[in-house]
Amino acid sequence: MNKLMKNFHSWLKIQIPLLKFTALSTLCYGVLVVSLNYAHFPIGRFIDIFPVLAHWLLITISAGVIIYLLALNRWVYTLLFPLFMIATGIIGYYIFQYDITINTAVIESTFNTNNSEVMSQISLRLTLYVVILTVVSVWLVRRRKKIATPPWVIGYLPVILLGFFLISTINQLRFNTIYQRNPFCIYLGFKNYFAEQTELKKERKDITDGAECRIDTLTVVVVIGEALRADHVSLNGYPRETFPHLAQENVISFKNIYSEWTHTLKSIPHILTRADSANHAPSTDEHSFISIFKACNFTAWWLGNQDLNKVFKPFALECDTFIINQPFKSDYNFTGKYDEELLPYLDKALQLPNPRKLIIFHQVGSHWYYPSYYPPSFEYFKPVLKSKSFNLSDKDKIINAYDNSARYTDYVLWQIIERLRNRKSVLIYLSDHGELLGEEGKWIHAQDTKYEKNPACMVWFSDSYRKIYPDKVQAAEQNKNKRFRSDFLFHSVLDAAEIQSPYRQDKLSIFQN
Ligand SMILES: [Zn+2]
């Protein structure tokens, strides 16, 4: 027992100067680099500073585990700490200046272009910041040299393992709360990038055999919405006017669509492929309806306002062209990324000479944090949430912001309809899932509750389409209150375009009686 105490005592004696030094290094790092993560965090009230401070502390302490690992050896620290500080500091600068993070698009652009948009903008401010980081790093390196390098003791390993175990557990429990932020975003970015590369190499089953189309001129727009609940759409009886523009249009709203999935990454592959609740495999192993349209000589475009990733990218690549709005911004940045920014690209796609067009319009819609995704002029229901952190007493403000995002979707859909009005065209809107708005004390989505399983869905036909296919329009009218699983989309979109395929099941189409 005595020997054990003695060992512990000598271990502590070595640890204390090292831990003190690690704390100093970590503090400098936290102030100079980690703080930049919060440059664009919405903070409305003084009290909201505290959750941000707590998060800063979490990221700083987590970074401290890496710094401790480096500080174990004075030479390792001398060589690697300044590099770590400056490299992640530069990333922090881009977060501060442009609100962009390391995501797969940034990595791809860095790999694939000689003078990427991101790296080419070196300013005086950045130079000054790097000088400060260098001076502080050199000062710390000199201090580290004054501490004796302790011999490798087995006692270090538990400290490091425990540190990384805690980081990974907290991160998992809180939806990537640590890995989304600098310096850990480097790890997450590369992890996603390599996962995407592996996924893209995978051979998917071709489902174009037997595809045939009888229509020679048609524009089909499929809008994949985000987190919009059917019961917050005024067309379905919601008392607030969330859809004033579409109320003036001949829109058929389907209010009883059921989505088995409550998060984007699961629901979208199920919407685009012929996967259903009994057979999930096609969502990962097969091409989507886009490839069938292409086999029928449709020109296909993917216009996205959400990051591509290993889940969506295979589908975007089935298209002839894909455009991602502000690709260097992740969906967790807080400076606006508005769906209407895709409309100029829609105009371009509509000008193409091919009379058969398929356009997938992937919105950011009602993605959390809602006020980031509609322009300030769309703040119709007031007051709204001004801080990312919130509590139950903010419920009304959150719902106001959410309903504003619904009103903005109404505007964007109306803008699309304006562009389609004089064409033979059909627009199908389906949200990927619903959203929790405080039910059972829960918020946002991906929590597998019934509140998230009734997404909004609408269909609009142009007059010339209505004239040629009155049966489909009539069937849609008759089906609008029926319950469909979101599996309907694959079969219905083929049906809307008069595409015959052995994979199409008419009993799942909303355009059939
Ligand atoms: Zn989603």
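For clarity, every value in this text was computed on a predicted model and none was experimentally measured. (Residues numbered from 1 in each chain as written. Predicted model: local features only at pLDDT ≥ 70, side-chain atom pairs only at ≥ 80, totals over all residues.)

1. Structural notes on the overall build of the protein
Part 1: Counting its regular elements, the protein contains 16 helices and 13 strands.
Part 2: Dimensions along the principal axes, computed over C-alpha positions, put the protein at roughly 90 × 55 × 50 Å. (Helix = DSSP H or I, 4+ residues; strand = E, 2+ residues; numbered from the N terminus.)

2. Topic: the domain arrangement of the protein
Part 1: In terms of domains, the protein is made up of domain 1 (2–201) and domain 2 (221–508).
Part 2: Of note, the centres of domain 1 and domain 2, computed from C-alpha atoms alone, are 38 Å apart.
Part 3: Contacts between the two partners involve 22 residues from domain 1, matched on the other side by 19 residues from domain 2.
Part 4: Mapped onto the side of domain 1 that touches domain 2, the elements with two or more residues apiece are helix 4 (104–112) and helix 7 (185–201).
Part 5: The greatest single-element share of the side of domain 1 that touches domain 2, amounting to five residues, is contributed by helix 7.
Part 6: Among the residues making up the side of domain 1 that touches domain 2, the classes are represented as 10 nonpolar, seven polar and five charged. (Domains from an automatic or database assignment. Contact = placed C-beta atoms within 7 Å. Nonpolar A, V, L, I, M, F, W, Y, C, P; charged D, E, K, R; others polar.)

3. Here's the deal with unusual backbone geometry
When glycine is set aside, most residues are seen to have a negative phi, and most peptide bonds are trans.
Part 1: Residue proline 183 is reached from asparagine 182 by a cis peptide bond, and omega for that bond is 10°.
Part 2: Relative to the assigned elements, proline 183 resides in the loop between helix 6 (156–173) and helix 7.
Part 3: Omega for the peptide link from lysine 382 to proline 383 comes to -5°, which places this bond in the cis form.
Part 4: Relative to the elements of secondary structure, proline 383 occurs in the loop between strand 7 (356–362) and helix 13 (395–420).
Part 5: A positive phi angle is found at alanine 227, which is not glycine, with a value near 55°.
Part 6: Summarising the element assignment, alanine 227 is placed in the loop between strand 2 (218–225) and strand 3 (251–253).
Part 7: Judged by the 29 C-beta atoms lying within 10 Å of it, alanine 227 is buried. (Buried ≥ 20, exposed ≤ 12 C-beta atoms within 10 Å, placed from the backbone.)

4. Re helix 8 (residues 264–272)
Part 1: Extensive coverage of helix 8 is indicated by the burial of seven of its nine residues.
Part 2: Restricting attention to buried positions, one finds in helix 8 the residues Thr264, Ser267, Ile268, Pro269, His270, Ile271 and Leu272.
Part 3: Looking at the buried residues of helix 8, the elements they touch are strand 2, helix 9 (282–285), helix 10 (289–295), helix 11 (313–316), strand 8 (425–431) and helix 16 (488–496).

5. Re the environment of glutamine 306
Part 1: With respect to the helices and strands, glutamine 306 occurs in the loop between strand 5 (299–304) and helix 11.
Part 2: In this structure, the C-alpha to C-alpha distance between glutamine 306 and leucine 437, residues 131 residues apart in sequence, is 22 Å.

6. Description of the nonpolar core
The tendency in soluble globular proteins is for nonpolar side chains to be buried side by side.
Part 1: Among the nonpolar cores identified, the biggest contains 120 residues, and Phe293, Ile416, Leu427, Ile428 and Val493 are the most heavily contacted of them.
Part 2: Two domains each put at least three residues into this core: domain 1 (2–201) and domain 2 (221–508).
Part 3: Residue contacts for isoleucine 416: discarding those within four places in its chain leaves Val221, Val223, Leu346, Phe361 and Leu427. (Core = buried A, V, L, I, M, F, W, Y, C linked by C-beta atoms within 7 Å.)

7. Here's the deal with the pairing of strand 5
Part 1: For strand 5, the tally of buried residues reaches five of six residues, placing the bulk of the element in the interior.
Part 2: Pairing of strand 5 with strand 7 involves six bridges; the strand directions are parallel. Considered in strand 7, the bridge of threonine 299 is made with lysine 357.
Part 3: In this structure, strand 5 lies alongside strand 6 (residues 321–324), joined through four bridges in parallel fashion. In the sheet register, tryptophan 301 faces strand 6, and the bridge partner there is threonine 321. (Pairing = 2+ DSSP bridges.)

8. Considering helix 7
Part 1: The end-to-end C-alpha distance of helix 7 is 24 Å, a good match for the 24 Å that 17 residues give at a rise of 1.5 Å each.
Part 2: Among all positions of helix 7, only Cys185, Leu188, Gly189, Tyr193 and Glu196 are buried. Seen along its axis, helix 7 keeps its buried residues to an arc of 130°; they face one direction. Those residues of helix 7 that are exposed and aimed more than 90 degrees away from the buried face are Tyr187, Lys191, Thr198 and Lys201. (Expected span 1.5 Å × (residues − 1). Arc of directions from axis to C-beta.)

9. With respect to the sheet that holds strand 11 (residues 457–461)
Part 1: In space, the seven strands of this open sheet follow the order 3-11-8-2-7-5-6, with mixed pairing throughout. Edge positions in the sheet fall to strand 3 and strand 6, since each has one partner strand and no second. The mean inter-strand angle of the sheet, taken between neighbouring strand axes irrespective of direction, is 15°.
Part 2: Here helix 12 (residues 343–350) sits on the sheet in contact with strand 2, strand 5, strand 6 and strand 7, set at roughly 170° to strand 7. (Axes fitted to C-alpha atoms, helices over the stretch in contact; angles between N-to-C directions.)

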